[in-house]
Amino acid sequence: MGCCCSQGDCNVGQQSGDNIALNLLDDVIAEYRGAAGSLIPVLQKAQDIYGYLPAEVIRYIGRQMDVKPAKIFGVATFYAQFRFSPVGKYLIMLCQGTACHVNGSEKIETALSEELNIKMGETTDDGLFTLNDAACLGCCSLAPVMMINGRAYGPLTPDKARSIIKDIYAKEKEAKEGVEQ
Amino acid sequence: MKLRIGLGSCGIAAGGLAVLDTLESEIKNRGLDLEVMNTGCIGMCHNEPLVDVIEDDGRVFTYGMVTDKIALQIMEDHVAGGNPVEEHLVSATDKPAAFMDGQVRVALRNCGVMDPESIDEYIKQGGYEALTKCLTQMTPEEVIEEVKISGLRGRGGAGFPTWFKWNATRQAKGDKKYIVCNADEGDPGAFMDRSALEGDPHGVLEGMIIAGYAAGASDGAIYCRAEYPLAIRRLEIAIEQARERGMLGSDIMGSNFSFDMYIKQGAGAFVCGEETALIASLEGERGMPRLKPPFPSESGYWGKPTNINNVETFANIPWIIREGGAAFGAMGTEKSKGTKVFALAGKIKYGGLIEVPIGIPLRDVIYKVGGGIKGDRQFKAVQMGGPSGGCIPAGYLDTPVDYESIMALGAIMGSGGMVVMDETTCMVDIARYFLDFTQKESCGKCVQCRIGTKRMLEVLERICEGQGKPGDIELLEELCVMVREGSLCGLGQGAPNPILTTIKYFRDEYEAHIHDHKCPAKQCKALIEYKIDKDKCTGCTICAKKCPVNAISGDKRQPHVIDEALCTRCGTCIDVCPTKFSAVYID
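My aim in this report is to walk through the structure given alongside it, one point at a time. (Residues numbered from 1 in each chain as written. Chains lettered and ligands numbered in written order. Predicted model: local features only at pLDDT ≥ 70, side-chain atom pairs only at ≥ 80, totals over all residues. Heavy atoms only, no water.)

**Section: the interface of chain B and chain A**
And step 1. Chain B puts 56 residues into the contact, and the matching count from chain A is 36 residues.
And step 2. Of the roughly 3500 Å² buried where chain B meets chain A, counting both sides, 57% is carbon and sulfur surface.
And step 3. Among the residues chain B hides against chain A, the three largest losses belong to Ala267(B), Arg286(B) and Tyr433(B). Together they make up 16% of the total.
And step 4. Taken together, the links from chain B to chain A amount to three salt bridges.
And step 5. Lys525(B) is the partner of Glu106(A) in a salt bridge, and the nearest nitrogen-oxygen pair spans 3.7 Å.
And step 6. On inspection of chain B and its partner chain A, the count reaches 19 residue pairs in polar contact (both at pLDDT 80 or more).
And step 7. Listed by contribution, the elements that provide at least two residues to the side of chain B that touches chain A are helix 1 (9-13), strand 8 (260-265), helix 12 (275-282), strand 10 (339-346), strand 14 (417-422) and helix 17 (427-441) of chain B.
And step 8. In terms of residues, the side of chain B that touches chain A owes the most to one element, helix 17 of chain B, which gives eight residues.
And step 9. In terms of residue class, the side of chain B that touches chain A is made up of 27 nonpolar, 14 polar and 15 charged. (Contact = heavy atoms within 4.5 Å. Buried area = accessible area lost by both parts, 1.4 Å probe. Salt bridge = Lys/Arg side-chain N within 4 Å of Asp/Glu carboxyl O. Polar contact = N/O pair within 3.5 Å; in protein donor to acceptor, adjacent residues only side chain to side chain. Helix = DSSP H or I, 4+ residues; strand = E, 2+ residues; numbered from the N terminus. Nonpolar A, V, L, I, M, F, W, Y, C, P; charged D, E, K, R; others polar.)

Here it is in structure tokens:
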């Protein structure tokens, strides 16, 4: 839980370098401004818009809602849901629940890491996949399970996990070629 | 005739939507006038996707593991031809599955039976009758009395009497009071609340409105974890429908009682299941617990009297009001009344969601309802209560499942997660697993919890890696006492339980790791070696081809060997070795 600052790979508060369209947030802020206790829903909606919480966005929310950025960072880093760097087009959440653990989720992690050539928490170079873990997805009778962009897959074997990734890659390649033609 | 398909999260994950498509297009092709009803989880998750054929006389035929092909066969043989497809039937009205037979459904009464997105369906099942009864025939005190008679205790884990909390909130002084539903189901291995919310959202809503009436509250909040998108969507639909029908809003049914509610999504912090942390999170703060008293019933959400109950607790309420507290109290044991929902998972044959009378022996849950251990292996332990719970070994299988008996064994009833383990599960690794979880989820407020869980995890990690030292078991026990005593909330107080129960019942496994550098369950990678039995190996070369690190060598038709120095112990070789040879083994 909380901030990963001690691990040296922390992106909290870093400038993204991209131009962020802050005005996309205005409707959200208008909806919640002045409503007590609404910081978390605002952050959730901001993350829905941008895919993560860029530092500029956090400062903008602070200015607009009259909350100190330090306070917003404090809340955002407390919760596992909030991310401070962009994620891939496909967000893989590998379940680490007890049922998945005893049914071999570690082997699935190894297979996914090999297939994608990234470690847990990383994003592929082409920006397609991010591999994350989730404490428990609550689909325990399908263990081991992963969720990709909100859809659950299970019960997995290392081979099944690999082929799901390969299918998505194939689909992406097809779509790209379709565009080029 | 009617068709019904299970579309809870598990049904969808197993491919339920594709089956629904097939059924619907087949109905169109055949020009039939046949309704396909969506429903939540019936609990038989091991057989998903599930399709029910409901005859006009009310008989239900349940088909399991339905694929497109089987769906077409059901349409052809059963729907058109009138002959049930015997080989794919998993349960039927005349011949219920053993999994369903020992169950009594109170909280889950509507799950898997009706369309959770239809308020009319809910009303047809007797929904909102209890609310009507409360508002038209009962005083708030009488409602609390009825709940007291039922003996209902909080289903979130602590088992505190529900009526007492309601009464305390009612008695507390305050111009505004709140009802909060705790749907932040965070225990890994537990999915009772998800299924209840996905399968019967109105049941939970009705329970909350009744609680509001009894406690004198005007506002309700459901704190639901964001990992349950389907549950949130169905709750939103249910709230909207209840408002349209006047079950929520001002002056409900002309009774002068007004109540409305909204959903707040959790953001992924296990500690927010603790009620004071949950309140902090509702208020938009870091979800850190605080010292009690004052209890939330005196000073909770925005400092106002607040009653917090778990999803399952609320789901029981309409049934209790309708059927009477005495009917609920007639089930269960003297101190633990009624039924309890459990999520059965792990190395169990028939995993899923079950509801049984409290007090039935653990053995019946695992062997009668759950069908025993997957692959007919040996039962080793069942983990109850998640990260604050413990592991119960085979010797205690005849223990009745109730709050007191389970606690006497060092575990807790918890919210109802039951993860079954067999002889291939390493108990030291399980303790390490849970400490890894609590260590990550500790909010950091209490030093003993923040640092103690980290130190305990380090000790467990080194034991699993074969670096354990004599005295480590005693060190763990000492740390356990400190963390338990020095922590403010249940997360820290319960964190030692997985360690203490595994030491208590499986001390020999810890000793084998530390002194003999062996993992008896053959799970800890640093303590095992993969080997090939040269008498069994025929040199088929499959393992050598599949080994990701090229650690296996050997000529065709000659026994192969694994290079221990290169082997990463990934287990691929043992998985791919054809069962007729079974030449790879773990030493």
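Once the structure has been displayed, the description carries forward.
**Points about the sheet that holds strand 8 of chain B**
Residue and element names in this part refer to chain B.
And step 1. The four strands are arranged 8-7-6-9 in an open sheet whose pairing can be described as parallel. Taken across any chain shown, the strands that pair with only one partner, and hence form the sheet edges, are strand 8 and strand 9 (306-310). Averaged over all adjacent pairs, the angle separating strand axes in this sheet is 20 degrees, with direction ignored.
And step 2. The sheet strands contacting helix 10 (residues 201-215) are strand 6 (178-183), strand 7 (219-224) and strand 8, and the helix crosses strand 6 at an angle near 150 degrees. (Pairing = 2+ DSSP bridges. Axes fitted to C-alpha atoms, helices over the stretch in contact; angles between N-to-C directions.)

**Side note on helix 3 (residues 68-80) of chain B**
Because an α-helix completes one turn every 3.6 residues, residues spaced three or four positions apart along the sequence face the same direction.
Residues and elements named next belong to chain B.
And step 1. Between its first and last C-alpha, helix 3 extends 17 Å over 13 residues, near the 18 Å set by a 1.5 Å rise per residue.
And step 2. The sharpest bend along helix 3 comes to roughly 30 degrees, located at Ile-74.
And step 3. Along helix 3, the positions that sit buried rather than exposed are Ile-70, Ala-71, Ile-74, Met-75, His-78 and Val-79.
And step 4. Looking at the packing, one finds that the buried side of helix 3 touches strand 1 (2-6), helix 2 (16-29), strand 3 (51-54) and strand 4 (60-63).
And step 5. After helix 3 finishes, the residue Gly-82 shows a positive phi value of roughly 80 degrees. (Expected span 1.5 Å × (residues − 1). Bend = angle between axes of the 7 residues up to and from the residue. Buried < 20%, exposed > 50% of the residue type's maximum accessible area, 1.4 Å probe, protein only.)

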